[in-house]
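Here's the letter readout for the chains.
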Amino acid sequence: MIKQLFLSLLILVTPLAFSYTLEITEAEIQEKVSAIMPIEKTKFFMTVKLSDPKVDLLKTGNRMAIYLKVETSIPNVVKGSGNGRVSGNLSYDASEGAFYFKDAKLDAMEINGLPQKYADKVKKIAEAILTKALGKYPVYKFTDKDVKQKIAKSTLQSLEVRDEVLLVTLGLF
């Protein structure tokens, strides 16, 4: 009976002994996102520039939002600026030991002086810029200099946002 109890306890505790929880702060992610901005793209004579990102780790799901400045220029139509909010999922790539911002969706955008008939086109360009840039550059990457991170980057067990901190639990096996 004691052997069975001990064995059961060992089975429950063993996975915990082979995991590593890392706290990634909103400020650390902010630093990475800020490094890739501003981003500017011209398409169909429309120029869209995204800058001044402010990262917000959302409390629901493994999601993140970025509030940013949006500027647009359409010759002979408008040159305006405003704000936008993009949200998406945090995705982990074990082979790289990196987190990416995926499924970016521009939830809100307001640009002063932008005629409504151009709003959807500007929104599509802005989403395309964000999807490409944020899907290409990691918002956080484990360093090979830290032995724990180097070993632990192999298997993601869980992601959780708590109190503006991304808690990442990685397993060794």
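Residues numbered from 1 in each chain as written. Predicted model: local features only at pLDDT ≥ 70, side-chain atom pairs only at ≥ 80, totals over all residues. Heavy atoms only, no water.

### Considering the nonpolar core
Working step 1: By size, the foremost hydrophobic cluster in this structure holds 44 residues, and its most contacted members are I29, L50, M64, I66, F99 and L166.
Working step 2: In terms of residue count, the dominant contributor to this core is helix α3 (residues 116–136) (nine residues).
Working step 3: With sequence-adjacent residues up to four places away left out, F99 is seen in contact with I24, S91, Y92, P138, V139, Y140, F142, L159 and V168. (Core = buried A, V, L, I, M, F, W, Y, C linked by side-chain atoms within 4.5 Å. Buried < 20%, exposed > 50% of the residue type's maximum accessible area, 1.4 Å probe, protein only. Helix = DSSP H or I, 4+ residues; strand = E, 2+ residues; numbered from the N terminus. Contact = heavy atoms within 4.5 Å.)

### Observations concerning the confidence of the model for the protein chain
Working step 1: When the pLDDT values of the protein chain are averaged, the result is 80; 83% of them are 70 or greater.
Working step 2: Note on residues 5–16: pLDDT under 50 across the span, and zero contacts to partners over four residues away in sequence or across chains. (pLDDT = per-residue confidence, 0-100.)

### Some remarks on unusual backbone geometry
Working step 1: With omega at 5 degrees, the peptide bond leading from M37 into P38 counts as cis.
Working step 2: Among the structural elements, P38 can be located in the loop between α2 (26–35) and β2 (39–43).
Working step 3: Positive phi is not limited to glycine here, since D52 has a value of about 50 degrees.
Working step 4: For D52, the location among the structural elements is in strand β3 (residues 46–57).
Working step 5: In the Ramachandran plot, N76 falls in the positive-phi region, its phi being about 60 degrees despite a non-glycine side chain.
Working step 6: Relative to the elements of secondary structure, N76 occurs in the loop between β4 (63–74) and β5 (78–93).
Working step 7: Residue class for N76 comes out exposed when judged on its relative accessible area of 84%.

### Here we look at the layout of surface pockets
Over the atoms rolls a probe the size of a water molecule, and in doing so it shows where empty space is left.
Working step 1: In this structure, the largest pocket encloses a volume near 170 Å³.
Working step 2: Residue lining of the largest pocket: I39, E40, K41, A128, I129, K132, A133, K136 and Y137, and that is the complete set.
Working step 3: Taken together, the residues that form the lining of the largest pocket break down as five nonpolar, no polar and four charged. (1 Å grid on protein atoms, 1.4 Å probe; cavity = no way out; pocket = protein on both sides within 12 Å on 5 of 7 lines; lining within 4 Å. Points joined across faces, edges and corners; volume = space filled by probe spheres on them. Nonpolar A, V, L, I, M, F, W, Y, C, P; charged D, E, K, R; others polar.)

### Looking at the packing of aromatic side chains
Aromatic ring pairs are defined here through the distance separating the ring centres and the angle between the ring planes.
Working step 1: The final tally for this structure, using the stated rule, is one aromatic pair.
Working step 2: Where Y92 meets F99, the ring centres are 4.8 Å apart and the plane angle is 40 degrees; that geometry is what we call tilted. Summarising the burial analysis for this pair, Y92 and F99 share the class buried.
Working step 3: Between the NZ or CZ atom of K102 and the centre of the ring of Y100, over which it lies, the distance is 5.4 Å. (Phe/Tyr/Trp six-rings, centres within 6.5 Å; stacked < 30°, edge-to-face > 60°. Lys NZ or Arg CZ within 6 Å of the ring centre and 35° of its normal.)

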